[in-house]
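The chain contents come next:
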Amino acid sequence: MNMMDFNVKKFAADAGTFLSRAVQFTEEKLGQAEKTELDAHLENLLSKAECTKIWTEKIMKQTEVLLQPNPNARIEEFVYEKLDRKAPSRVNNPELLGQYMIDAGTEFGPGTAYGNALIKCGETQKRIGTADRELIQTAALNFLTPLRNFIEGDYKTIAKERKLLQNKRLDLDAAKTRLKKAKAAETRASIWAEEVTKSEQELRITQSEFDRQAEITRLLLEGISSTHAHHLRCLNDFVEAQMTYYAQCYQYMLDLQKQLGSFPSSYQSNNNQTSVVPVPSASSNVIGSSAMTSSGLVMTSPSNLIDLKEGSGSRKARVLYDYDAANSSELSLLADEVITVFSVVGMDSDWLMGERGNQKGRVPITYLELLN
C-alpha cells in the first residue's frame, strides 16, 4: 500500500513538472514569459555540434552510395548489420564482368585473337574487382565506422544532455515566474510571504541544477573539436585508400593496354578466314620491331624471340617500363635496367624467366627489349 502511494505521488509530481514545463514553453513561444538565454560560448558549441552532426550524416550516406551504388545491396547490408550478422559475400560488378569475359574467351578459343584478348581483359577486370572490394573494406573500417560511431554514440549523448539542459532551463524559468508572481501578490497580502520564501528556495535549487547541467553539456560539446581532429585522420585514411585503389586500377589497365598492344596486326579469325586487324602498339619499341635503341643496340627479330622461347640459352634484355610484381613468382622491374632472361618449358608464351643477381622470377615479354 505504501509503495502504491509512493508511485502515485511520484506520478503526480512528474505530471506536475511536465505540465509546468509545457506551460512555460508555450508562454515563451507566445511572448508571454521571459526566457533565460544561454551564454554565447555555449550557444556556439551547440551550433557547432549540430552542424557537425548534419554534415557527418550527409558525408557518411553519400560515401556509402559511392562505395555501393546498388540501393538494394545497401539495405541488405544494413539489415544484416542491425541483426549483428555477417552479410553474405557477393560478386561485384568488375568481377562479374571479368568472369563473363573469361568464359567467353575460353569458348571462342584462347588461341584466337578475340578469345585471347577477352581472357586477358577478364583477368584484369577481376583484379580491379578485388581492388574494389579492398577499398570498400578499408573505407568501411577506417572512415565510415568512426563517423557512424559519432552519430550513434557521442552525438546521442550530447543530444540527451542538451534535452536535459532544456528541461532544467524551463524549470528555472518557471520558478522565476512563480517567484515574480508571489512577490507581486505579497505587496497586497501578507499571507503570500511564505509562498515567496518557498519560491525563492525553489529558484535557488533550479538555478543550481541548471548551472550544473550547463557545465556538463559544455564539457561534452567542447569534445567536438577532438571529434573533428579524429575525423580528419579518418579522412586521410580514406583518401589514401582511394589513392591506392586508383593507382592499382591504373597499373592494371596500363599492363592490359601493353599486352593488347603487343598483339601482331594480322590474326587467323575464328572462321579460319584471314582478316587484318590493325592494333595500336603501346610503344613503338616492342619485341619484334627493328629499331635502333638509344644505346645503339639492335632489338631482336621475331625469329630470334622464337629461338629463345624454344631454346635453353639465356639472353640480355633491357626493361622498357616499370613493372610491379603481382605475386612472389614474378620479378619487379625498373625501366632501362638490363636483366638476364631465359625460357622455361611449359611457361606461358607471354612470359620469360628473368634474373637479376640473386633475384629470379617471371617477367612479361611486352616489357622487354631483347638485345643482340
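What counts as what
- Along every chain, residues carry numbers that run from 1 in the direction the sequence is written.
- Side-chain atom pairs in this predicted model are given and counted only at pLDDT of 80 or more, local residue features only at pLDDT of at least 70, and totals for whole chains, interfaces and linings cover all residues.
- By convention in this description, side-chain values take in all heavy atoms of the structure and omit both hydrogens and water.
- Going along the chain from the N terminus, every DSSP run of H or I of four or more residues is numbered as a helix, and every run of E of two or more is numbered as a strand.
- Here the term buried applies to any residue with accessible area under 20% of the maximum for its type, exposed to any over 50%, and partly exposed to those in between, with areas from a 1.4 Å probe on protein chains only.
- Here a residue-residue contact requires only that any non-hydrogen atoms of the pair lie within 4.5 Å.
- Only the protein chains shown count as cover for residues, with accessible areas throughout obtained via the Shrake-Rupley method and a probe of 1.4 Å.
- When DSSP locates at least two bridges between a pair of strands, those strands are taken to pair.
- Centres within 6.5 Å are what make two rings of Phe, Tyr or Trp a pair, Trp counting through its six-membered ring; a difference in plane orientation under 30 degrees is then read as stacked, over 60 as edge-to-face, and the rest as tilted.
- Geometrically, a charge over a ring is one whose NZ (Lys) or CZ (Arg) sits within 6 Å of the ring centre while staying within 35 degrees of the ring normal.
- To form a nonpolar core, buried Ala, Val, Leu, Ile, Met, Phe, Trp, Tyr and Cys residues must be joined to one another through side-chain atoms within 4.5 Å.
- Between the first and last residue of a helix there are one fewer steps than residues, each counted as 1.5 Å, and that sum is the expected span.
- Polar contact is defined as a pair of N or O atoms within 3.5 Å, subject to the rule that within protein one atom must be able to donate a hydrogen and the other to accept it, and that residues adjacent in sequence are counted only when both atoms are side-chain atoms.
- To obtain an axis, a line is fitted to C-alpha atoms, over the contacting stretch when the element is a helix, and the angle between two such axes runs from 0 to 180 degrees between their N-to-C directions.
- For this classification, under 35 degrees means roughly parallel, over 145 means roughly antiparallel, 65 to 115 means roughly perpendicular, and everything else is oblique.
- Two helices that cross are described as forming a left-handed crossing if the nearer one is turned anticlockwise from the farther one by less than a right angle, and a right-handed crossing if clockwise.
- Residue-level confidence of the predictor is what pLDDT reports, using numbers from 0 through 100.

1. Some details on the overall build of the chain
Right, on to step 1. The helix and strand inventory of the chain stands at 8 helices and 7 strands.
Right, on to step 2. When burial is assessed residue by residue, the chain has 35% of its 372 residues classed as buried.
Right, on to step 3. A separation of at least 24 residues holds for 63% of the contacts in the chain among residues at least 6 apart in sequence.
Right, on to step 4. Carbon and sulfur atoms make up 56% of the accessible area of the chain, which totals about 23000 Å².

2. Regarding the pairing of strand 4 (residues 338-342)
Right, on to step 1. Buried residues dominate strand 4, accounting for 4 of its 5 residues.
Right, on to step 2. In the sheet, strand 3 (residues 314-319) pairs with strand 4 via 5 bridges, with the strands oriented antiparallel. Across the sheet, Lys 316 pairs through a bridge with Thr 340, a residue of strand 4.

3. Brief notes about the packing of aromatic side chains
Right, on to step 1. What the rule picks out here adds up to 7 aromatic pairs.
Right, on to step 2. Summarising the aromatic geometry, the rings of Tyr 323 and Tyr 367 are spaced 5.0 Å apart at their centres and angled 70° between planes, so their arrangement reads as edge-to-face. Here Tyr 323 is found in the loop between strand 3 and strand 4, whereas its partner Tyr 367 is found in the loop between strand 6 (359-364) and strand 7 (368-370), with 44 residues between them in sequence. The two residues Tyr 323 and Tyr 367 agree in class, both being buried.
Right, on to step 3. Here the aromatic residues Tyr 321, Tyr 323, Trp 351 and Tyr 367 are joined through ring pairs into a cluster of three or more.
Right, on to step 4. Sitting above the plane of the Tyr 321 ring, Lys 258 keeps its charged end 3.7 Å from the centroid.

4. Quick look at the side chain of Thr 63
Right, on to step 1. Structurally, Thr 63 can be placed in helix 2 (residues 40-67).
Right, on to step 2. Contacts of Thr 63, omitting those with residues within four sequence positions, involve Phe 143, Leu 144 and Phe 238.

5. Regarding the nonpolar core
Right, on to step 1. One finds Leu 38, Leu 42, Leu 165 and Leu 221 to be the most contacted residues of the largest nonpolar core, which totals 20 residues.
Right, on to step 2. Secondary-structure elements contributing two or more residues to this core are helix 2, helix 5 (113-186) and helix 6 (193-221).
Right, on to step 3. At 9 residues, helix 5 tops the list of elements feeding residues into this core.
Right, on to step 4. Leu 38 has contacts with Glu 43, Leu 46, Leu 165 and Phe 210, leaving out every residue within four places of it along the chain.

6. Regarding the side chain of His 231
Right, on to step 1. Here His 231 lies in helix 7 (residues 224-261).
Right, on to step 2. Non-local contacts of His 231, meaning those with residues more than four positions away in its chain, are made with Thr 56, Pro 146, Leu 147 and Phe 150.

7. Description of helix 2
Right, on to step 1. Between its first and last C-alpha, helix 2 extends 40 Å over 28 residues, near the 40 Å set by a 1.5 Å rise per residue.
Right, on to step 2. Residues Leu 42, Leu 45, Leu 46, Ala 49, Thr 52, Thr 56, Met 60, Thr 63 and Leu 67 constitute the buried set of helix 2.
Right, on to step 3. Sitting at the head of helix 2, Asp 39 places a side-chain oxygen 3.1 Å from the backbone nitrogen of His 41.

8. Overview of the sheet that holds strand 3
Right, on to step 1. With antiparallel pairing, 5 strands are arranged side by side in an open sheet as 6-5-4-3-7. Edge strands, defined here as strands with exactly one partner in the open sheet, are strand 6 and strand 7. Shown here is a sheet whose adjacent strand axes are inclined to one another by a mean of 40°, direction ignored.
Right, on to step 2. Where strand 4 lies against strand 5 (residues 351-356), 3 bridges are found, and the strand directions are antiparallel. What sits directly across from Val 341, in strand 5, is Gly 354.

9. So, the packing of helix 2 against helix 6
Right, on to step 1. Running from N to C, helix 2 and helix 6 cross one another at 45°; their axes reach a closest spacing of 10 Å. Between helix 2 and helix 6, the angle falls in the class oblique. For helix 2 against helix 6, the interelement crossing comes out left-handed. Touching His 41, Leu 42, Leu 45, Leu 46 and Ala 49 of helix 2 are Ala 214, Thr 217, Arg 218 and Leu 221, all from helix 6.

10. Points about the confidence of the model for the chain
Right, on to step 1. Taken as a whole, the chain shows an average pLDDT of 80; of its residues, 78% reach a score of 70 or greater.
Right, on to step 2. Note that pLDDT drops below 50 for residues 264-303; the model gives that stretch 61 contacts with residues more than four away or on any other chain.

11. Points about helix 6
Right, on to step 1. Look at helix 6: 42 Å from first C-alpha to last across 29 residues, which is about the 42 Å you get at 1.5 Å a residue.
Right, on to step 2. Along helix 6, the residues that are buried comprise Val 196, Ser 199, Leu 203, Thr 206, Phe 210, Gln 213, Ala 214, Thr 217 and Leu 221.

12. Some words on the packing of helix 2 against helix 7
Right, on to step 1. Orientation of helix 2 relative to helix 7, taken along the N-to-C sense of each, is 15°, at an axis distance of 12 Å. Considered as vectors, helix 2 and helix 7 are oriented roughly parallel to each other. Relative to helix 7, the crossing made by helix 2 is left-handed. Every residue of helix 7 that contacts helix 2 at Lys 48, Ala 49, Thr 52, Thr 56, Thr 63 and Leu 66 is listed here: Ile 224, Ser 225, His 228, His 231, Phe 238 and Gln 242.

13. Notes on unusual backbone geometry
Right, on to step 1. A positive phi angle, close to 80°, is found at Asp 336, a residue other than glycine.
Right, on to step 2. Tracing the chain through its elements places Asp 336 in the loop between strand 3 and strand 4.
Right, on to step 3. With a relative accessible area of 55%, Asp 336 lands in the exposed category.

14. Some points on the environment of Gly 115
Right, on to step 1. Relative to the helices and strands, Gly 115 resides in helix 5.
Right, on to step 2. By relative accessible area, Gly 115 is classed as buried at 0%.
Right, on to step 3. In sequence terms Gly 115 and Met 101 are 14 residues apart; their C-alpha atoms lie 8.7 Å from each other.
Right, on to step 4. Excluding residues within four positions of it along the chain, Gly 115 makes contact with Gly 105, Phe 108 and Gly 109.

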